[in-house]
Amino acid sequence: MYTQGLDSHGQRPVEARPDETHLLERFQARVDQDERIEAKDWMPDAYRKTLVRQISQHAHSEIVGMLPEGNWITRAPSLRRKAVLIAKVQDEGGHGAYLYSAAETLGVSREELTEQLLSGAAKYSSIFNYPTPTWADVGAIGWLVDGAAIMNQIPLCRCSYGPYARAMVRICKEESFHQRQGFEIMLSLSRGTPAQKEMAQASLNRWWWPSLMMFGPGDAESVHSAQSMRWKIKRFSNDELRQRFIDATVPQAQFLGLSVPDPALKWNEATGHYDTGPIDWTEFFEVLKGNGPCNRERMAARRAAHEAGTWVREAAVAHAARHATASAHPAGEAA
């Protein structure tokens, strides 16, 4: 998923007020039995806030995530590539819309969530603060970034909150297309001219480590996961998901004839997994704080788009108000 700081509570269990103890116990029992929690069901305030934070950050990431690839639509190397990329960017916009709708079921407005993004109060995935200088980066984003997102998002189809889980079913289906599209670009480049293969390798070098960072800090440093896992918002730990991604992706890189940019990478026969070198978490936290290569550029683009769309939103509100008035007073009836 395109989120990293998803959980708003630490490892200590959420404490209930005396009058909520029974409700909290019943709620947890439903979660433990894998029952879906729906919008009108009672839920702890902390559960609601955690979901609002997670779902809105996910939605923001889908919207901002349109930008790195969107700037390649006019420069795609063929009409087919252009059409496919347009479809993918359009999908990302749709994912954001699904997720904002899911967040609205928790009592927060889309306008409020948008304002939080534009003001900088809300976060989006740090992965989208990196540049896309070549066409190969479009392939690397699809292969690696969307591949990491799928690894995170498939468990969300079993999230305890029903509206979020149902939205994720369609999103995951479309993300799988995005991942295949990216891999196909990388395959074409790696089997092309030496210059094209070099371009593919350079993009893998740029995106490998940021893609591993998408899963968030290691379990030892991630003090926010325990409660979300207890609530079954989150099903697996950061390190578990990251390891799954590495184990699945390294053989794909080998098939492409590309080298993963990690000198310490090696297969561990004892564990049945790949061992890797340390991740530079200093870079991760600097990007989160707004000091990444494209943080300011991304937010400037979003604010400009929001401003440019003001007249569309105003026209939609006026049309809805006119339609509501006409429905309330059919033709021939006195107002």
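All values derive from a computational prediction rather than experimental measurement.

Each value, and the rule that gives it
- Residues numbered from 1 in each chain as written.
- Predicted model: local features only at pLDDT ≥ 70, side-chain atom pairs only at ≥ 80, totals over all residues.
- Heavy atoms only, no water.
- Helix = DSSP H or I, 4+ residues; strand = E, 2+ residues; numbered from the N terminus.
- Rg over C-alpha atoms; globule rule 2.2 N^0.38 Å.
- Buried < 20%, exposed > 50% of the residue type's maximum accessible area, 1.4 Å probe, protein only.
- Contact = heavy atoms within 4.5 Å.
- Areas by Shrake-Rupley, 256 points an atom, 1.4 Å probe, with all protein chains shown as cover.
- Lys, Arg positive; Asp, Glu negative; His and termini not counted.
- Charge placed at Lys NZ, Arg CZ, Asp CG, Glu CD.
- Polar contact = N/O pair within 3.5 Å; in protein donor to acceptor, adjacent residues only side chain to side chain.
- Salt bridge = Lys/Arg side-chain N within 4 Å of Asp/Glu carboxyl O.
- pLDDT = per-residue confidence, 0-100.
- Axes fitted to C-alpha atoms, helices over the stretch in contact; angles between N-to-C directions.
- Parallel < 35°, antiparallel > 145°, perpendicular 65-115°, else oblique.
- Left-handed = near helix turned anticlockwise from the far one by under 90°.
- Nonpolar A, V, L, I, M, F, W, Y, C, P; charged D, E, K, R; others polar.
- Phe/Tyr/Trp six-rings, centres within 6.5 Å; stacked < 30°, edge-to-face > 60°.
- Lys NZ or Arg CZ within 6 Å of the ring centre and 35° of its normal.

Caption draft 1: Here's a closer look at the overall build of the protein chain. For the protein chain, the helix and strand inventory stands at 13 helices and two strands. In terms of C-alpha radius of gyration, the protein chain reaches 22 Å, essentially the compact-globule figure of 20 Å for 335 residues. Along the longest, intermediate and shortest principal axes, the C-alpha atoms of the protein chain span 75 × 50 × 35 Å. Residues counted as buried form 48% of the 335 residues belonging to the protein chain. The contacts of the protein chain with a sequence gap of at least 6 include a subset with a gap of at least 24, amounting to 80%. When the accessible surface of the protein chain is summed, it comes to about 16300 Å², and 57% of that surface belongs to carbon and sulfur atoms. In the protein chain, which carries 38 positive and 40 negative side-chain charges, the distance between the mean positions of the two groups comes to 3 Å.

Caption draft 2: Quick look at the side chain of S211. Counting through the fold element by element, S211 comes out in helix α8 (residues 194-213). Among the polar contacts made by the side chain of S211, one reaches the main-chain carbonyl oxygen of W207 at a distance of 2.7 Å. Apart from the residues within four sequence positions on either side, S211 is in contact with I127, L144, V145, A148 and F245.

Caption draft 3: Highlighting the pattern of salt bridges. With the rule as written, the count across this model stands at 15 salt bridges. Notably, a salt bridge pairs D34 with R235, separated by 3.4 Å at the nearest N-O pair. Residue D34 is found in the loop between α1 (21-32) and α2 (45-64), and its partner R235 is found in the loop between α9 (225-230) and α10 (238-256); the two are separated by 201 residues along the sequence. Residues participating in the shared-partner salt-bridge network are R30, E35 and D41.

Caption draft 4: Highlighting the confidence of the model for the protein chain. Looking at the protein chain, pLDDT values average 91 and 92% of them are 70 or higher. Within the protein chain, no element has a lower average pLDDT than α9, which sits at 85, and none a higher one than α8, at 98.

Caption draft 5: Just the environment of V138, in detail. As for its placement among the helices and strands, V138 is situated in helix α6 (residues 135-153). Non-local contacts of V138, meaning those with residues more than four positions away in its chain, are made with E69, W72, L85, Q181 and I185.

Caption draft 6: Representation of the packing of helix α4 (residues 79-104) against helix α7 (residues 162-190) in the model. At their nearest, the axes of α4 and α7 sit 10 Å apart, and the two run at 160 degrees to each other. By the angle between their directions, the pair α4 and α7 is classed as roughly antiparallel. Considering the relative orientation of α4 and α7, their crossing is left-handed. Taken together, the residues of the contact of α4 with α7 break down into twelve nonpolar, four polar and nine charged.

Caption draft 7: The packing of aromatic side chains, seen in detail. The full count for this structure, using the stated rule, is twelve aromatic pairs. Centre to centre, the rings of Y47 and W231 are 5.5 Å apart; their planes meet at 90 degrees, and the pair counts as edge-to-face. A residue pair is termed long-range when its members are at least 10 positions apart, and Y47 in helix α2 and W231 in the loop between α9 and α10 qualify at 184 residues. Residue Y47 is classed as buried on the basis of its relative accessible area of 0%. The buried category is assigned to W231, whose relative accessible area is 1%. Ring centres of W267 and Y274 lie 4.9 Å apart, and the angle between their planes is 75 degrees; this geometry places the pair in the edge-to-face category. Grouping aromatic residues by their ring pairs yields a cluster made of F27, W42, Y47 and W231. The ring of W72 carries the charged tip of R75 above its face, separated from the ring centre by 3.8 Å. Note that R244 overlies the ring of F236, its terminal NZ or CZ placed 4.1 Å from the centroid.

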